[in-house]
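Read off the chains here:
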Amino acid sequence: MDRIAELADRYPHLAFGNLRFGIECGYGWADIIDTFLATAEVVTAAAGGALQLLQIKEKMGGLRIYYRLADSPQRNWIGIDKAYYLAEARSFHICERCGSRGLLTYNGMLYATLCAEHAAELESKPIFPGASMNIVVGSALVPYDPYVDPFMATRLE
Ligand SMILES: [Zn+2]
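So, here is what we can say about the structure in this document.

Each value, and the rule that gives it
- Residues numbered from 1 in each chain as written.
- Predicted model: local features only at pLDDT ≥ 70, side-chain atom pairs only at ≥ 80, totals over all residues.
- Pairing = 2+ DSSP bridges.
- Helix = DSSP H or I, 4+ residues; strand = E, 2+ residues; numbered from the N terminus.
- Expected span 1.5 Å × (residues − 1).
- Buried ≥ 20, exposed ≤ 12 C-beta atoms within 10 Å, placed from the backbone.
- Arc of directions from axis to C-beta.
- Contact = placed C-beta atoms within 7 Å.
- Core = buried A, V, L, I, M, F, W, Y, C linked by C-beta atoms within 7 Å.

A few points about the pairing of strand S5 (residues 103–106)
Link 1 in the chain: Where S5 lies against strand S6 (residues 111–114), four bridges are found, and the strand directions are antiparallel. Each residue of the ladder has a partner; that of Leu-103, found in S6, is Leu-114.
Link 2 in the chain: Linking S5 to S6, which pair antiparallel, is a turn of four residues; within it Gly-108 sits at a positive phi near 100°.

Side note on helix H2 (residues 30–47)
Link 1 in the chain: Taking 1.5 Å per residue as the helical rise, H2 with its 18 residues ought to reach 26 Å, and the 25 Å between its terminal C-alpha atoms agrees with that figure.
Link 2 in the chain: Taken residue by residue, H2 has Ile-32, Ile-33, Phe-36, Leu-37, Ala-40, Val-43 and Thr-44 as its buried positions. Mapping the buried residues of H2 onto a view down its axis gives an arc of 130°, with all of them on the same face.
Link 3 in the chain: Residues of H2 that are buried sit in contact with helix H1 (4–10), strand S1 (14–15), strand S2 (23–24), strand S3 (50–59), strand S4 (62–70) and helix H3 (77–91).

Side note on the nonpolar core
Link 1 in the chain: Counting 35 residues, the largest nonpolar core has Phe-36 and Ala-87 as its most contacted members.
Link 2 in the chain: Broken down by secondary-structure element, the contributors of at least two residues to this core are H2, S3, S4, H3, S5 and S6.

Quick look at the pairing of strand S8 (residues 134–137)
Link 1 in the chain: As defined by bridge partners, S8 adjoins strand S9 (residues 140–143) across four bridges and the pair is classed as antiparallel. Looking at S9, one finds that Ile-135 is bridged to Val-142.
Link 2 in the chain: What sits between the antiparallel neighbours S8 and S9 is a turn of two residues, in which Gly-138 has the positive phi angle 65°.

Below, the structure is given as structure tokens:
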């Protein structure tokens with residue numbers, strides 16, 4: 001993915017200057033990343049300070065977003081951290097290549113979250129059980145369930 005200039009225009013309170021290698025994952029996760037950035041933009045705009053994106057990449061089959069909120073009270077991180085937990089959890093259920101529903105797979109060398117078609121292309125086999133991620137609901141950590149997440153509802157199986 002490489003749409004940094006476009007993202008910087010859309011999210012003026014976020015700083016993308018540290019993403020030296022651009023966004024290091026497939027286009028299938030573009031909506032997940034956009035949803036996270038939109039939340040981060042709103043929180044940062046309201047809280048003041050500046051959110052610096054340090055790295056956005058795939059690691060061990062999941063989305064990782066590293067960021068730093070400068071010049072802002074610690075409590076303002078909470079909304080951004082919540083959005084990040086959700087983004088990471090979603091990434092384990094969405095094909096990194098195409099954005100359809102996916103599962104965590106392993107091909108003997110690499111982990112990747114892929115739909116059945118892309119898993120077959122890469123000779124990668126689903127791992128059971130898949131990744132079990134927690135998200136923040138209210139003030140509690142609860143296991144993420146893609147079947148109750150409206151974000152997932154419209155995605156092809
Ligand atoms: Zn796919």
